[in-house]
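Each chain, letter by letter, is given below.
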Amino acid sequence: MISIKGTWYDGRTSADVPAVCHIYDNGAVTVLQSGDGHRIMSLPRFIIKISPRLADTPRYLHFPEGQKFETSDNLTVDRIAKRFSSSQWTNWLHRLESHWRFVLIALGAMLLFLWGGIKYGVPIAAREIADRLPPSILHAAGEQTLGILDRSVLSETELEDIVISRLEDHFQPVVEAHPDLNIKILFRKGDQMGPNALALPNGTIIFTDEMIRLSAHDDELLAVLSHEIGHVVYRHGLRAIIQDSLLGFALLAITGDVAGSSELFLGIPVLLTQLAYSREFEREADGYALGYLQEHDISPAHFVRLMQRIDQTTSARAEEPDSPWAGYLSTHPMTNERIQPFINGGN
């Protein structure tokens, strides 16, 4: 006979009763209340399920009608399992977690899985989700984003009407070449954003006044427009939002909460990963722009010159104390890296 001490739960209430479980050589089971020896449960044969061992955490003997017997006497439970339980595979769990080499291997495998999921799985999932979203979602996302930008970082354009009209005429062939994207050109004063262009999910493309004034030729702005259209074609805006959400949910699942100090650490990997994704998006949009310029016999040198001019201007402004330009292009590849395909494509 094997006897083991623990706590009995009847499966109907939260009451716990100190008890002793006796398991006889023929497999019969009796559970007695500690102290007075009152019989709580009897089974003619061993039909109990034993929970697997995990380090020295308490184990459970699960009885057929929902009752359970909890005990910390793992050695005795191991004896019972070895003698009466037909399933022995769960013992391997304890053996594996008891050896640090296997623990390190499991940890390495988990980290590799997480790395692969973040680097490859999340972008693929985001792309698939973004490609299947209906136009109504794109419209809503674009309108809400524009509203937030207008209330926070953008203001009404100060460009003259004749300049706006000239640019709209110059951009019209590009817009007409993408009838399915609902391209709409807007102009805004960028203030702290400086020379910039933004593509919203619904096909709205915003040029800042600073970008217009910095350009030396309308084809430079047309090159930027084709780049921003690339963002719309590949749905980069929505993919970025979806990726950020997926990363947040994944990290929440790993850490268990996002409150207090953990919130700080949650933000760091999301931010760093998002920067990497943004660089990849920029390269993809650059490739689309280069293809469009070459197809329509527009010199890629226009894009090169404007990017170099922006780089020179923002670098000079970033050296000023408390300059809002200091972080410009931080999510983009380095300018020299970006313009190299355009230089090669222009030869």
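It should be noted that the structure appears before, not after, this text.
The text that follows walks through the structure, step by step, so that each part is easy to find. Throughout, residues of each chain are indexed from 1 in the direction in which the sequence is written. Only residues with pLDDT of at least 70 get local features here, since the model is predicted, and only at 80 or more are side-chain atom pairs given and counted; chain-wide, interface and lining totals rely on the full set of residues. Just so you know, side-chain values use all the structure's heavy atoms and leave hydrogens and water out.

### As for the side chain of threonine 71
Reasoning step 1: As for its placement among the helices and strands, threonine 71 is situated in strand β7 (residues 68–71).
Reasoning step 2: Relative accessibility under 20% of the residue-type maximum defines a buried residue, over 50% an exposed one, and the middle range a partly exposed one, all with a 1.4 Å probe and only protein chains included. In this structure threonine 71 comes out as buried when scored by relative accessible area, which is 2%.
Reasoning step 3: In what follows, a contact means two residues having at least one pair of non-hydrogen atoms within 4.5 Å. Among residues more than four places away in sequence, those in contact with threonine 71 are Ile4, Lys5, Gly6, Pro58, Arg59 and Val77. Counting from the N terminus, the helices are the DSSP runs of H or I reaching at least four residues and the strands are the DSSP runs of E reaching at least two.

### Examining empty space enclosed by the protein
Reasoning step 1: Definitions used for this entry: grid spacing 1 Å over protein atoms alone; cavity, a set of points where a 1.4 Å probe fits but cannot get out; pocket, an open set with protein on both sides within 12 Å along at least 5 of 7 lines; lining residue, one with an atom within 4 Å of a point. Grid points are joined across faces, edges and corners, and a volume is the space filled by probe spheres set on the points. Evaluated as defined, the whole model comprises 1 cavity of 30 Å³ or more.
Reasoning step 2: When its volume is computed, the largest cavity comes out at roughly 60 Å³.
Reasoning step 3: As for the largest cavity, its lining consists of Leu138, Ala199, Leu200, Pro201, His231, Val232, Arg235, His236, Gly237 and Leu238.
Reasoning step 4: Only α7 (218–233) and α8 (236–255) provide two or more residues apiece to the lining of the largest cavity.

### Details of the pattern of salt bridges
Reasoning step 1: The salt bridge definition used is simple: a Lys or Arg side-chain nitrogen within 4 Å of an Asp or Glu carboxyl oxygen. For the structure shown, the criterion picks out 10 salt bridges.
Reasoning step 2: Linking arginine 309 and glutamate 220 is a salt bridge whose minimum nitrogen-to-oxygen distance equals 2.9 Å. Here glutamate 220 lies in helix α7 and arginine 309 lies in helix α10 (residues 301–318), a separation of 89 residues in the sequence.
Reasoning step 3: The structure contains a network of salt bridges with shared partners spanning Glu158, Lys189 and Asp191.

### Things to note about the nonpolar core
Reasoning step 1: Counting 36 residues, the largest nonpolar core has Phe171, Ile185, Phe187 and Phe207 as its most contacted members.
Reasoning step 2: Those elements giving two or more residues to this core turn out to be α5 (161–176), β9 (184–189), β11 (204–208), α6 (209–214), α7, α9 (261–295), α10 and α11 (335–345).
Reasoning step 3: The leading source of residues in this core is α7, at 7 residues.
Reasoning step 4: The contacts of phenylalanine 207, once residues within four sequence positions are left out, are Phe171, Ile185, Leu186, Phe187, Arg188, Asn196, Ala197, Ile212, Leu221, Val224 and Leu225.
Reasoning step 5: Counting residues in each nonpolar core, the second largest holds 20 residues, with Ala19, Cys21, Val29 and Ala81 among its members. Side-chain atoms within 4.5 Å are what join buried Ala, Val, Leu, Ile, Met, Phe, Trp, Tyr and Cys residues into a set we call a nonpolar core.

### Examining the sheet that holds strand β8 (residues 155–156)
Reasoning step 1: Two strands qualify as a pair provided that DSSP identifies no fewer than 2 bridges between them. Strands sit in the order β8-β9-β11-β10 across an open sheet of 4 strands; the sheet is mixed. The sheet is open, and its two edges are formed by β8 and β10 (197–199), each paired on a single side.
Reasoning step 2: The sheet contacts of α5 involve β9 and β11, and relative to β9 the element is tilted by about 145 degrees. Between N-to-C directions, angles cover 0 to 180 degrees, with each direction set by a line fitted to C-alpha atoms, over the stretch in contact for helices.

### Quick word on the packing of aromatic side chains
Reasoning step 1: When the centres of two rings from Phe, Tyr and Trp lie within 6.5 Å, Trp using its six-membered ring, the rings pair. Their planes under 30 degrees apart give stacked, over 60 give edge-to-face, and anything left gives tilted. All told, the structure shown has 7 aromatic pairs when counted by the stated rule.
Reasoning step 2: With 5.4 Å between their ring centres and 20 degrees between their planes, phenylalanine 171 and phenylalanine 207 make a pair best called stacked. Placement of the pair is phenylalanine 171 in helix α5 and phenylalanine 207 in strand β11, with a sequence separation of 36 residues. Each of the two residues, phenylalanine 171 as well as phenylalanine 207, counts as buried.

### Remarks on the environment of aspartate 150
Reasoning step 1: Considering the arrangement of structural elements, one finds aspartate 150 in helix α4 (residues 135–152).
Reasoning step 2: Judged by its relative accessible area of 29%, aspartate 150 is partly exposed.
Reasoning step 3: Residues aspartate 150 and lysine 189 lie 39 residues apart in sequence; the distance between their C-alpha atoms is 9.7 Å.
Reasoning step 4: We call two N or O atoms a polar contact when they sit within 3.5 Å, provided that within protein one can donate a hydrogen and the other can accept it, with sequence-adjacent residues counted only if both atoms are side-chain atoms. Of note is the side chain of aspartate 150, whose polar atom sits 2.9 Å from the side chain of arginine 188.

### Topic: the packing of α5 against α7
Reasoning step 1: Their axes nearest at 10 Å, the elements α5 and α7 cross at an angle of 50 degrees. Judged by the inter-axis angle, α5 sits oblique to α7. Note on packing geometry: the crossing formed by α5 with α7 is right-handed. When α5 is examined against α7, the residues Arg166, Leu167, His170, Phe171 and Val174 are found in contact with a partner set consisting of Asp218, Asp219, Leu221, Leu222, Leu225 and Ile229.
Reasoning step 2: Here the residues of the contact of α5 with α7 sort into 7 nonpolar, 1 polar and 3 charged. Each angle is binned into one of four classes, with values under 35 degrees roughly parallel, values over 145 roughly antiparallel, values of 65 to 115 roughly perpendicular, and all other values oblique. Crossings are sorted by hand: turned counterclockwise from the far helix by less than a right angle, the near helix makes the crossing left-handed, and turned clockwise it makes it right-handed. The residue classification treats Ala, Val, Leu, Ile, Met, Phe, Trp, Tyr, Cys and Pro as nonpolar and Asp, Glu, Lys and Arg as charged. All others, Gly included, are polar.

### Let's talk about the environment of aspartate 16
Reasoning step 1: Turning to its location among the elements, aspartate 16 is positioned in strand β2 (residues 16–23).
Reasoning step 2: It is 9.8 Å that separates the C-alpha atoms of aspartate 16 and glycine 6, two residues lying 10 residues apart in sequence.

### A look at α5
Reasoning step 1: What a helix should span is 1.5 Å times the count of its residues minus one. The end-to-end C-alpha distance of α5 is 22 Å, a good match for the 22 Å that 16 residues give at a rise of 1.5 Å each.
Reasoning step 2: Here the bend at a residue means the angle between the axes of two seven-residue stretches, the one that ends at it and the one that starts at it. For α5, the principal kink sits at histidine 170 and spans about 35 degrees; a proline, proline 173, occurs within the next four residues.
Reasoning step 3: The set of residues buried in α5 consists of Val163, Ile164, Leu167, Phe171, Val174 and Val175.

### Thoughts on the sheet that holds strand β3 (residues 29–33)
Across a sheet, strands are paired by hydrogen bonds formed along the backbone, either parallel or antiparallel in direction.
Reasoning step 1: With antiparallel pairing, 7 strands are arranged side by side in an open sheet as β4-β3-β2-β1-β7-β6-β5. Unpaired on one side and paired on the other, β4 (39–43) and β5 (49–50) mark the two borders of the sheet.
Reasoning step 2: Note that β5 and strand β6 (residues 59–62) share 2 bridges and pair antiparallel. Within the sheet, the bridge partner assigned to lysine 49 lies in β6 and is histidine 62.
Reasoning step 3: Sheet strands in contact with helix α1 (residues 74–84) are β1 (2–9), β2, β5, β6 and β7, and its direction is about 110 degrees off that of β1.

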